[in-house]
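Spelled out, the chains give:
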Amino acid sequence: MARHSRTQPWLELSIALGNLIQLGGLFGGLRLVTRAARANPPWGARMLVGGWMVTYFCNHAIGHWAVGRLAGIRFLGYGVHGTTVPGWYPPGMRWVFRHVPLFSARTDPASRRAARPLARMLMYLGGPLCTGLTGLGIPLYGHAMGVPRAKALLIGAALWLIPGTVVECIRPGGDLRRAWRELRRITKHSKRP
């Protein structure tokens, strides 16, 4: 969720249409995951990986939106574009993530500024939290259900998500860095007499 992203969206979607597309992807991906446990061995692993990938691309922005709305922040819509930070990806993946359509939740700037630091902190945490929960939860579910290669997916997902989490902590516009900034504002205000 970049505040002033230098990346122009290829497409702007309404909240309703963006949520419909992302929820469709999430439910479709989770359906693949639940069916993976009952599928024949080569297809079970493929369905698990396919479900993981679909949910990975459909959970981050809607996580920001859902938590932000619960915290009282208004949104204008969704942008669809490639990554806003291509330099953080290794060369081969850089090209892929410049071209794959990613969603970004667009906050109403006045609403975001007027929100309390706790609301902004929760909104910034919503995307990474959704990504982490599904990104690790799906392979854990697959492993618990005996889906072949689920453990390999878990290792791969962890190897993908850990550096991404670190980047979100150190990148100036990263969600986790913004959440940390808001947490510092909360603690600073609570220390005042």
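See the structure above.
Structure report, in brief. (Residues numbered from 1 in each chain as written. Predicted model: local features only at pLDDT ≥ 70, side-chain atom pairs only at ≥ 80, totals over all residues. Heavy atoms only, no water.)

### Topic: the overall build of the protein chain
Of regular secondary structure, the protein chain possesses eight helices and three strands. Put simply, the protein chain runs from its N terminus to its C terminus through helices and strands in the order β-α-α-α-β-α-β-α-α-α-α. Taken against the 2.2 N^0.38 rule, which gives 16 Å for 193 residues, the C-alpha radius of gyration of the protein chain at 18 Å falls within 12% of a compact globule. A burial count over the protein chain gives 41% of its 193 residues as buried. Considering only contacts in the protein chain between residues 6 or more positions apart, those separated by 24 or more positions represent 73%. Put simply, the protein chain shows about 11100 Å² of open surface, and 66% of that area lies on carbon and sulfur atoms. On the protein chain, the mean spot of the 26 positive side-chain charges and the mean spot of the 5 negative ones are 7 Å from each other. (Helix = DSSP H or I, 4+ residues; strand = E, 2+ residues; numbered from the N terminus. Rg over C-alpha atoms; globule rule 2.2 N^0.38 Å. Buried < 20%, exposed > 50% of the residue type's maximum accessible area, 1.4 Å probe, protein only. Contact = heavy atoms within 4.5 Å. Areas by Shrake-Rupley, 256 points an atom, 1.4 Å probe, with all protein chains shown as cover. Lys, Arg positive; Asp, Glu negative; His and termini not counted. Charge placed at Lys NZ, Arg CZ, Asp CG, Glu CD.)

### A closer look at the pattern of salt bridges
Under the criterion given, the structure shown has five salt bridges. One salt bridge in this structure joins E182 and R120, with 3.0 Å as the shortest N-O distance. Highlighted residues: E182 in helix α8 (residues 175-190) and R120 in helix α6 (residues 117-144), separated in sequence by 62 residues. Each member of the pair E182 and R120 is classed as buried. Residue E182 is joined to R181 by a salt bridge in which the shortest nitrogen-to-oxygen separation is 3.6 Å. Each of R120, R181, E182 and R185 takes part in salt bridges that share partners, so that together they form one network. (Salt bridge = Lys/Arg side-chain N within 4 Å of Asp/Glu carboxyl O.)

### Concerning the environment of H64
You can see H64 is positioned in helix α3 (residues 60-70). A distance of 3.1 Å separates the side chain of H64 from the side chain of H60, its partner in a polar contact. (Polar contact = N/O pair within 3.5 Å; in protein donor to acceptor, adjacent residues only side chain to side chain.)

### Considerations on the layout of surface pockets
Each pocket or cavity is described by its volume, and for the largest pocket that value is around 1000 Å³. Contributing to the lining of the largest pocket are 45 residues, with Y56, H60, Y89, G164 and E168 lying nearest its centre. Broken down by element, the lining of the largest pocket gets its largest block of residues, ten residues, from helix α7 (residues 150-170). (1 Å grid on protein atoms, 1.4 Å probe; cavity = no way out; pocket = protein on both sides within 12 Å on 5 of 7 lines; lining within 4 Å. Points joined across faces, edges and corners; volume = space filled by probe spheres on them.)

### Some words on the packing of aromatic side chains
For any pair of aromatic rings, the description consists of the separation of the ring centres together with the inter-plane angle of the planes. One pass over the full model with this rule turns up seven aromatic pairs. The interplanar angle of 85° and the centroid separation of 6.3 Å between the aromatic rings of Y78 and F103 together place this pair among those described as edge-to-face. Of this pair, Y78 sits in strand β2 (residues 75-81) while F103 sits in strand β3 (residues 102-107), placing them 25 residues apart in sequence. We note that Y78, like F103, is buried. (Phe/Tyr/Trp six-rings, centres within 6.5 Å; stacked < 30°, edge-to-face > 60°.)

### Brief notes about the environment of I73
The residue I73 is located in the loop between α3 and β2 in this model. For I73, a relative accessible area of 0% corresponds to the buried category. Setting aside residues no more than four positions away along its own chain, I73 makes contact with G68, T107, S111, R112, A115, A119, R120 and M123.

### What about the environment of R98?
Checked against the element boundaries, R98 lands in helix α4 (residues 91-99). Overall, the relative accessible area of 44% leaves R98 in the partly exposed class. Considered as a pair, R98 and A115 are 17 residues apart in the sequence and their alpha carbons are 32 Å apart. Excluding anything up to four places from it in sequence, R98 contacts W10, G82, T83 and P86.

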